[in-house]
Amino acid sequence: MSKRLSPQNSSERSPDPQRKRRYVALAGLCLIAGLTTFGLVWYLTPPPLPETLEAAEALVESPRFQRLSARDKQPYYDVIREQFGSLDPAERARLVEESKRLREAMREVNAAQTRQMLITMTRLPPAMLESMKKNVVVNEKPADAADGGEGQGASLNDWTTESDSQTKQLMGEFMGLIGSN
């Protein structure tokens, strides 16, 4: 004998499958919203100030630090300078030398990437080269370079005088391609 369930006695009703799905979907949406909120808060908050030199090195290389503005980076630089200044002279000299080696390695990587980009650009179809002709300025410096700021606003000619011979050759080829009519 089956008992008939009345709407008033809800404790005896079996759960509705659609209702269960709704609750599961709602719980999933809440979980996704919570994780998204947590990720945004983590992404938008600045990283903590470093307490050790190793933490400072890791911080400076992190993407969270890189996206900070120059003004927001200043407190971090102050703390790092304070910690770096408290090192003994031998350790400081070692770190300075390591920094020089890393900068030189980075220059080499950038030069290799530039050479690869130029090789790729010299193989572009003529139609693309024609469209690039309109956007290339070879002998002019932008207005912000008038103050002589290093690294900013340098003309293409200034850049090529500091490049190695292979990069200069590739740049000449590329400029010949877009400069030819």
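Please refer to the structure higher up on the page.
Computed from a predicted structure; not experimentally measured.

Draft legend 1. Looking closely at the overall build of the protein. Assigned secondary structure in the protein consists of eight helices and zero strands. In the protein, the succession of helices and strands from N to C terminus is α-α-α-α-α-α-α-α. The proportion of buried residues among the 181 residues of the protein is 18%.

Draft legend 2. Highlighting the pattern of salt bridges. Scanning the model with the defined rule gives four salt bridges in all. In this structure, Asp72 and Arg71 form a salt bridge, with 3.5 Å as the shortest nitrogen-oxygen distance. The exposure class assigned to Arg71 is exposed, which follows from its relative accessible area of 68%. For Asp78, the salt bridge identified is with Arg81, shortest N-O distance 3.1 Å. Here the residue Asp78 and the residue Arg81 both occupy positions in helix α4 (residues 70-85), the gap between them amounting to three residues, near one helical turn. When its relative accessible area of 39% is taken as the criterion, Asp78 is described as partly exposed.

Draft legend 3. Structural view of the packing of aromatic side chains. Taken as a whole and judged by the stated rule, the model has two aromatic pairs. With a centroid separation of 5.5 Å and 85° between ring planes, the pair formed by Phe65 and Tyr76 is classed as edge-to-face. Taken together, the residues span a long stretch of sequence, with Phe65 in helix α3 (residues 63-66) and Tyr76 in helix α4 at a distance of 11 residues. For Tyr76, a relative accessible area of 6% puts it in the buried group.

What counts, and where the lines are drawn
Residues numbered from 1 in each chain as written. Predicted model: local features only at pLDDT ≥ 70, side-chain atom pairs only at ≥ 80, totals over all residues. Heavy atoms only, no water. Helix = DSSP H or I, 4+ residues; strand = E, 2+ residues; numbered from the N terminus. Buried < 20%, exposed > 50% of the residue type's maximum accessible area, 1.4 Å probe, protein only. Salt bridge = Lys/Arg side-chain N within 4 Å of Asp/Glu carboxyl O. Phe/Tyr/Trp six-rings, centres within 6.5 Å; stacked < 30°, edge-to-face > 60°.

The values reported here are purely geometric and, on their own, carry no functional implication.
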